[in-house]
Amino acid sequence: MAKKSSKNATYTVPGLTTEQGHAVADVLQQRLNALNDLQLTLKHAHWNVVGPNFISVHEMLDPQIDEVRGYVDEVAERMATMGVSPNGLPGTIVSGRTWDDYDVMRASGVEHLAALDLVYDGVIQDHRAALAEVGDVDPITEDMLIAQVRGLELFQWFMRSHIENDSGVLENSSVRTEKAAAKAAKKAVAGKSGKGATSGKSAGKKAGSGKKG
(Lines give C-alpha, C1' and ligand atoms only; values in the text may rest on other atoms or scores of the structure.)
Protein backbone atom coordinates (compact mmCIF):
# COMPACT_ATOMS: atom_id res chain seq x y z
CA MET A 1 0.00 0.00 0.00
CA ALA A 2 1.28 3.44 -0.94
CA LYS A 3 2.30 5.64 1.93
CA LYS A 4 -0.15 8.48 2.53
CA SER A 5 1.43 11.81 1.58
CA SER A 6 1.65 14.58 4.14
CA LYS A 7 -0.12 17.89 3.65
CA ASN A 8 3.09 19.88 3.38
CA ALA A 9 6.17 19.43 1.22
CA THR A 10 9.67 20.03 2.59
CA TYR A 11 10.12 23.21 0.52
CA THR A 12 8.50 26.53 -0.31
CA VAL A 13 9.23 29.39 -2.72
CA PRO A 14 12.73 30.92 -2.79
CA GLY A 15 13.19 33.88 -0.48
CA LEU A 16 10.90 32.60 2.27
CA THR A 17 11.60 30.09 4.98
CA THR A 18 9.60 26.89 4.77
CA GLU A 19 7.74 27.95 7.89
CA GLN A 20 6.84 31.33 6.39
CA GLY A 21 5.72 29.88 3.07
CA HIS A 22 3.58 27.22 4.67
CA ALA A 23 2.01 29.75 7.04
CA VAL A 24 1.00 31.94 4.09
CA ALA A 25 -0.47 28.91 2.33
CA ASP A 26 -2.44 28.03 5.46
CA VAL A 27 -4.03 31.50 5.30
CA LEU A 28 -4.89 30.84 1.67
CA GLN A 29 -6.72 27.61 2.53
CA GLN A 30 -9.52 29.60 4.13
CA ARG A 31 -9.63 31.90 1.10
CA LEU A 32 -9.93 28.75 -1.03
CA ASN A 33 -12.84 27.57 1.12
CA ALA A 34 -14.56 30.96 0.79
CA LEU A 35 -14.11 31.21 -2.98
CA ASN A 36 -15.27 27.64 -3.57
CA ASP A 37 -18.34 28.41 -1.49
CA LEU A 38 -18.90 31.69 -3.35
CA GLN A 39 -18.86 30.12 -6.82
CA LEU A 40 -21.47 27.57 -5.72
CA THR A 41 -23.60 30.28 -4.08
CA LEU A 42 -23.51 32.43 -7.21
CA LYS A 43 -24.54 29.45 -9.35
CA HIS A 44 -27.38 28.71 -6.93
CA ALA A 45 -28.66 32.28 -7.32
CA HIS A 46 -28.22 32.01 -11.11
CA TRP A 47 -30.54 28.97 -11.12
CA ASN A 48 -33.11 30.36 -8.69
CA VAL A 49 -33.67 33.93 -9.88
CA VAL A 50 -37.20 34.62 -11.20
CA GLY A 51 -39.31 37.61 -12.19
CA PRO A 52 -39.16 40.47 -14.70
CA ASN A 53 -35.39 40.92 -14.30
CA PHE A 54 -34.66 37.21 -14.68
CA ILE A 55 -32.59 37.27 -17.83
CA SER A 56 -30.53 40.34 -16.91
CA VAL A 57 -29.55 38.98 -13.48
CA HIS A 58 -29.23 35.38 -14.73
CA GLU A 59 -26.76 36.44 -17.42
CA MET A 60 -25.05 39.04 -15.21
CA LEU A 61 -24.00 36.34 -12.74
CA ASP A 62 -22.34 34.00 -15.27
CA PRO A 63 -19.17 36.05 -15.97
CA GLN A 64 -18.65 36.56 -12.24
CA ILE A 65 -19.01 32.82 -11.61
CA ASP A 66 -16.30 32.21 -14.21
CA GLU A 67 -14.09 34.87 -12.64
CA VAL A 68 -14.46 33.43 -9.13
CA ARG A 69 -13.68 29.95 -10.46
CA GLY A 70 -10.49 31.46 -11.84
CA TYR A 71 -9.68 32.85 -8.38
CA VAL A 72 -10.18 29.36 -6.92
CA ASP A 73 -7.64 27.90 -9.31
CA GLU A 74 -5.24 30.78 -8.71
CA VAL A 75 -5.33 30.39 -4.91
CA ALA A 76 -5.00 26.60 -5.05
CA GLU A 77 -2.02 26.77 -7.40
CA ARG A 78 -0.36 29.41 -5.23
CA MET A 79 -0.71 27.09 -2.24
CA ALA A 80 0.80 24.20 -4.18
CA THR A 81 3.65 26.44 -5.36
CA MET A 82 4.40 27.22 -1.72
CA GLY A 83 4.59 23.54 -0.83
CA VAL A 84 1.18 23.04 0.76
CA SER A 85 -1.47 20.73 -0.66
CA PRO A 86 -4.68 22.69 -1.38
CA ASN A 87 -7.84 20.99 -0.15
CA GLY A 88 -10.88 21.64 -2.32
CA LEU A 89 -13.07 18.84 -0.97
CA PRO A 90 -16.65 19.65 0.14
CA GLY A 91 -16.02 18.42 3.68
CA THR A 92 -13.18 20.89 4.10
CA ILE A 93 -15.37 23.80 3.04
CA VAL A 94 -18.07 22.81 5.52
CA SER A 95 -15.76 22.09 8.44
CA GLY A 96 -13.52 25.10 7.89
CA ARG A 97 -16.01 27.84 7.13
CA THR A 98 -17.12 30.49 9.61
CA TRP A 99 -20.33 31.42 7.79
CA ASP A 100 -23.75 29.81 7.24
CA ASP A 101 -25.22 28.51 4.00
CA TYR A 102 -26.87 31.03 1.70
CA ASP A 103 -30.54 30.83 2.60
CA VAL A 104 -32.48 32.40 -0.28
CA MET A 105 -34.15 30.03 -2.74
CA ARG A 106 -36.51 31.06 -5.57
CA ALA A 107 -36.67 34.86 -5.52
CA SER A 108 -36.59 37.94 -7.73
CA GLY A 109 -33.42 39.48 -9.10
CA VAL A 110 -33.25 42.32 -6.58
CA GLU A 111 -33.86 39.92 -3.69
CA HIS A 112 -30.94 37.72 -4.71
CA LEU A 113 -28.70 40.72 -5.38
CA ALA A 114 -29.50 42.22 -1.98
CA ALA A 115 -28.66 38.90 -0.30
CA LEU A 116 -25.52 38.37 -2.37
CA ASP A 117 -24.35 41.85 -1.43
CA LEU A 118 -24.06 40.65 2.18
CA VAL A 119 -22.20 37.53 1.02
CA TYR A 120 -19.72 39.77 -0.79
CA ASP A 121 -19.30 41.91 2.33
CA GLY A 122 -18.07 38.85 4.21
CA VAL A 123 -15.80 37.49 1.46
CA ILE A 124 -14.20 40.88 0.79
CA GLN A 125 -13.67 41.67 4.48
CA ASP A 126 -11.97 38.31 4.99
CA HIS A 127 -9.85 38.75 1.85
CA ARG A 128 -8.69 42.13 3.18
CA ALA A 129 -7.84 40.55 6.54
CA ALA A 130 -5.78 37.91 4.73
CA LEU A 131 -4.02 40.68 2.83
CA ALA A 132 -3.00 42.33 6.09
CA GLU A 133 -1.74 39.00 7.40
CA VAL A 134 0.45 38.00 4.44
CA GLY A 135 1.48 41.39 3.03
CA ASP A 136 4.70 41.84 4.99
CA VAL A 137 5.80 38.25 4.37
CA ASP A 138 4.94 37.55 0.74
CA PRO A 139 4.20 40.43 -1.67
CA ILE A 140 3.47 37.95 -4.48
CA THR A 141 0.54 36.44 -2.61
CA GLU A 142 -0.46 39.94 -1.53
CA ASP A 143 -0.55 41.05 -5.18
CA MET A 144 -2.77 38.09 -6.10
CA LEU A 145 -5.24 38.88 -3.32
CA ILE A 146 -5.28 42.59 -4.18
CA ALA A 147 -6.33 41.77 -7.74
CA GLN A 148 -9.05 39.45 -6.47
CA VAL A 149 -10.41 42.04 -4.04
CA ARG A 150 -10.49 44.57 -6.88
CA GLY A 151 -12.57 42.19 -9.01
CA LEU A 152 -14.91 41.25 -6.16
CA GLU A 153 -15.49 44.89 -5.21
CA LEU A 154 -16.21 45.80 -8.83
CA PHE A 155 -18.89 43.14 -9.14
CA GLN A 156 -20.35 44.12 -5.77
CA TRP A 157 -20.75 47.63 -7.20
CA PHE A 158 -22.63 46.15 -10.17
CA MET A 159 -24.98 44.35 -7.77
CA ARG A 160 -25.42 47.38 -5.54
CA SER A 161 -26.54 49.52 -8.48
CA HIS A 162 -29.75 47.44 -8.48
CA ILE A 163 -30.48 47.96 -4.77
CA GLU A 164 -29.34 51.57 -4.31
CA ASN A 165 -31.94 54.33 -4.15
CA ASP A 166 -31.51 57.80 -5.60
CA SER A 167 -30.25 59.08 -2.25
CA GLY A 168 -27.31 56.67 -2.37
CA VAL A 169 -28.71 54.35 0.32
CA LEU A 170 -28.69 50.57 -0.12
CA GLU A 171 -32.09 48.96 0.41
CA ASN A 172 -30.46 46.26 2.59
CA SER A 173 -28.38 48.66 4.70
CA SER A 174 -30.28 48.09 7.95
CA VAL A 175 -30.20 44.27 7.95
CA ARG A 176 -27.62 41.60 8.68
CA THR A 177 -29.03 38.36 7.25
CA GLU A 178 -29.56 37.29 3.65
CA LYS A 179 -33.27 36.58 4.11
CA ALA A 180 -33.77 39.97 5.72
CA ALA A 181 -31.83 41.63 2.89
CA ALA A 182 -34.01 39.94 0.29
CA LYS A 183 -37.15 40.95 2.18
CA ALA A 184 -36.00 44.58 2.45
CA ALA A 185 -35.27 44.75 -1.28
CA LYS A 186 -38.66 43.21 -2.13
CA LYS A 187 -40.42 45.70 0.16
CA ALA A 188 -38.57 48.62 -1.45
CA VAL A 189 -39.60 47.51 -4.94
CA ALA A 190 -43.22 47.09 -3.82
CA GLY A 191 -43.13 50.56 -2.28
CA LYS A 192 -41.87 52.11 -5.50
CA SER A 193 -44.56 50.31 -7.50
CA GLY A 194 -47.22 51.53 -5.11
CA LYS A 195 -46.05 55.12 -5.37
CA GLY A 196 -46.04 54.88 -9.15
CA ALA A 197 -49.61 53.59 -9.22
CA THR A 198 -50.75 56.33 -6.83
CA SER A 199 -49.06 59.03 -8.89
CA GLY A 200 -50.69 57.71 -12.02
CA LYS A 201 -54.15 57.86 -10.47
CA SER A 202 -53.56 61.38 -9.20
CA ALA A 203 -52.42 62.53 -12.61
CA GLY A 204 -55.49 60.97 -14.16
CA LYS A 205 -57.79 62.77 -11.76
CA LYS A 206 -56.11 66.09 -12.46
CA ALA A 207 -56.33 65.57 -16.19
CA GLY A 208 -60.06 64.85 -15.95
CA SER A 209 -60.92 67.60 -13.52
CA GLY A 210 -61.38 70.35 -16.09
CA LYS A 211 -64.92 71.52 -17.01
CA LYS A 212 -66.42 70.28 -20.26
CA GLY A 213 -66.87 72.86 -22.93
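The preceding data block contains the structure.
Residues numbered from 1 in each chain as written. Predicted model: local features only at pLDDT ≥ 70, side-chain atom pairs only at ≥ 80, totals over all residues. Heavy atoms only, no water.

Draft legend 1. Focus on the environment of Thr 12. Tracing the backbone shows Thr 12 in the segment before helix H1 (18–48). Linking Thr 12 and Ala 25, residues 13 residues apart in sequence, is a C-alpha distance of 9.6 Å. Not counting the four nearest positions on each side in its chain, Thr 12 is found in contact with Thr 17, Thr 18, Gly 21, His 22, Thr 81 and Met 82. Within the structure, Thr 12 has its side chain in polar contact with the backbone oxygen of Met 82 (distance 2.9 Å). (Helix = DSSP H or I, 4+ residues; strand = E, 2+ residues; numbered from the N terminus. Contact = heavy atoms within 4.5 Å. Polar contact = N/O pair within 3.5 Å; in protein donor to acceptor, adjacent residues only side chain to side chain.)

Draft legend 2. Layout of the nonpolar core. Formed by 44 residues in total, the largest nonpolar core has its most connected members in Leu 38, Leu 42, Leu 61, Val 68, Tyr 120 and Leu 152. Of all the secondary structure elements, the ones that give two or more residues to this core are H1, helix H2 (54–81), helix H4 (109–134) and helix H5 (139–160). Among all residues touching Leu 152, those that are not within four sequence positions of it are Leu 38, Gln 64, Val 68, Tyr 71, Tyr 120, Val 123, Ile 124 and His 127. Counting residues in each nonpolar core, the second largest holds 8 residues, with Val 110, Leu 118, Ile 163 and Ala 181 among its members. (Core = buried A, V, L, I, M, F, W, Y, C linked by side-chain atoms within 4.5 Å. Buried < 20%, exposed > 50% of the residue type's maximum accessible area, 1.4 Å probe, protein only.)

Draft legend 3. Highlighting the layout of surface pockets. Approximately 550 Å³ is the volume attributed to the largest pocket. Around the largest pocket, the lining comprises 25 residues; the ones closest to its centre are Trp 99, Leu 118, Val 119, Gly 122 and Glu 178. Those elements giving two or more residues to the lining of the largest pocket turn out to be H1 and H4. Sorting elements by how many residues they give to the lining of the largest pocket places H4 first, with 7 residues. (1 Å grid on protein atoms, 1.4 Å probe; cavity = no way out; pocket = protein on both sides within 12 Å on 5 of 7 lines; lining within 4 Å. Points joined across faces, edges and corners; volume = space filled by probe spheres on them.)

Draft legend 4. Structural context of the pattern of salt bridges. Taken as a whole, this structure holds 9 salt bridges when the rule is applied. For Asp 121, the salt bridge identified is with Arg 160, shortest N-O distance 3.1 Å. Taken together, the residues Asp 121 in helix H4 and Arg 160 in helix H5 connect sequence positions 39 residues apart. Using a relative accessible area of 23% as the deciding quantity, one classes Asp 121 as partly exposed. For the salt bridge of Arg 128 with Glu 153, the shortest nitrogen-to-oxygen distance reads 2.9 Å. Of this pair, Arg 128 sits in helix H4 while Glu 153 is found in helix H5, placing the two residues 25 residues apart along the sequence. The class for Glu 153 is partly exposed, based on a relative accessible area of 30%. In this structure, a network of salt bridges that share partners links the residues Asp 37, Arg 97 and Asp 101. (Salt bridge = Lys/Arg side-chain N within 4 Å of Asp/Glu carboxyl O.)

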